[in-house]
Amino acid sequence: MILKPRQREQVLPLPVALISTVSQEGIRNIAPWSNITPILRPFDEIVMASWIKRDTLNNIRQTKEFVINIPHEEMVEQVILCSKNYPPEVDEFEVANLAARSSQIIKPPGIEGCLAWMECTLVEEISRKNYSLVIGKVVHLEVDDRFFNENGDMDFEQAKPLSIILGDKGMWFTSSFYAGRYADYAEMFLGKKDETPVLT
Ligand SMILES: Cc1cc2nc3c(=O)[nH]c(=O)nc-3n(C[C@H](O)[C@H](O)[C@H](O)COP(=O)(O)O)c2cc1C
């Protein structure tokens, strides 16, 4: 079967993040975001795609700062609440009953209860007619110690980061589980030996 252009996005499982921003007037905003990816390694920069009509984009343009929060699956109802098109004067922390978590470097707060908080500053906006690509620099990244070991590896079966699979008329919220195979980065290089670490 060949998918029509409008069905194409359905083949990719996507991450779910919550982006928190503050407007010039100080109104706090939260929006779920899935078109988001690190720009290679190390994780210094991140790119997110935004439709033009987004308070999030306006706030980032105004303040040049945003937090990418990673929610776990139990926050799914708040994710859906924050996806509603509230006018810019609505404080979405209040609407979704989410507590603010002070950021270390930037003004917009993160969201309590998330797994990780990436404080970002705007590096560049690549504008197209209907959308923009926003490149951010990750200036501070903190995680909840309960879900990460000292190497920074996530215990994803406990942390349950949220993801989505899009459908024709809606989206399925999904979660990560171990598929039964670990691959050391060394496996990408010919002749190097795989060493499977013991996860504790
Ligand atoms: C799981 C999920 C992922 C989303 N991903 C994006 C995205 O990548 N880019 C985007 O422009 N809108 C995305 N949206 C839609 C926005 O979250 C939604 O329009 C929201 O109301 C925007 O809020 P804002 O105007 O306060 O920024 C997503 C919505 C959901 C539920």
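Residues numbered from 1 in each chain as written. Predicted model: local features only at pLDDT ≥ 70, side-chain atom pairs only at ≥ 80, totals over all residues.

### Examining unusual backbone geometry
Put simply, Arg41 and Pro42 share a cis peptide bond, and its omega is -10 degrees. Locating Pro42 in the fold gives a position in the loop between strand S4 (36-38) and strand S5 (45-51). At Lys64, a residue that is not glycine, the phi angle is positive and equals roughly 65 degrees. Relative to the helices and strands, Lys64 is located in the loop between helix H1 (55-63) and strand S6 (65-70). Here Lys64 falls in the partly exposed class, since 15 other C-beta atoms lie within 10 Å of it. (Helix = DSSP H or I, 4+ residues; strand = E, 2+ residues; numbered from the N terminus. Buried ≥ 20, exposed ≤ 12 C-beta atoms within 10 Å, placed from the backbone.)

### So, the site of the ligand
Around the ligand sit 17 residues in total, of which Ala31, Asn35, Asp55, Thr56 and Ser83 are the nearest. Breaking the shell around the ligand down by element, the ones donating at least two residues are strand S3 (28-33), S5 and H1. With four residues, the top contributor of residues to the shell around the ligand is S3. In terms of residue class, the shell around the ligand is made up of seven nonpolar, seven polar and three charged. (Near = placed C-beta within 6 Å. Nonpolar A, V, L, I, M, F, W, Y, C, P; charged D, E, K, R; others polar.)

### Observations concerning the UniProt feature "domain: Flavin reductase like" (unreviewed entry) in the protein chain
UniProt's entry tags residues 12-150 with the feature "domain: Flavin reductase like" (unreviewed entry), counted in the numbering of this structure. The distance separating the terminal C-alpha atoms of residues 12-150 is 31 Å; by composition the span is 14% helix and 42% strand. (UniProt positions renumbered as here; feature names shortened; annotations may be inferred.)

### What to know about the pairing of S5
Burial along S5 is one-sided: the residues Ile46, Met48 and Ser50 are buried and none of Glu45, Val47, Ala49 and Trp51 is. Relative to S5, S4 is paired through three bridges, and the arrangement is antiparallel. Bridge assignment links Ile36 to a residue of S5, and that residue is Met48. Count of turn residues in the S4/S5 antiparallel hairpin: six residues, of which Leu40 carries a positive phi of about 55 degrees. Pairing geometry for S5 and strand S10 (residues 131-143), over seven bridges, is antiparallel. Bridging from a neighbouring strand, Ile46 pairs with Gly136 of S10. (Pairing = 2+ DSSP bridges.)

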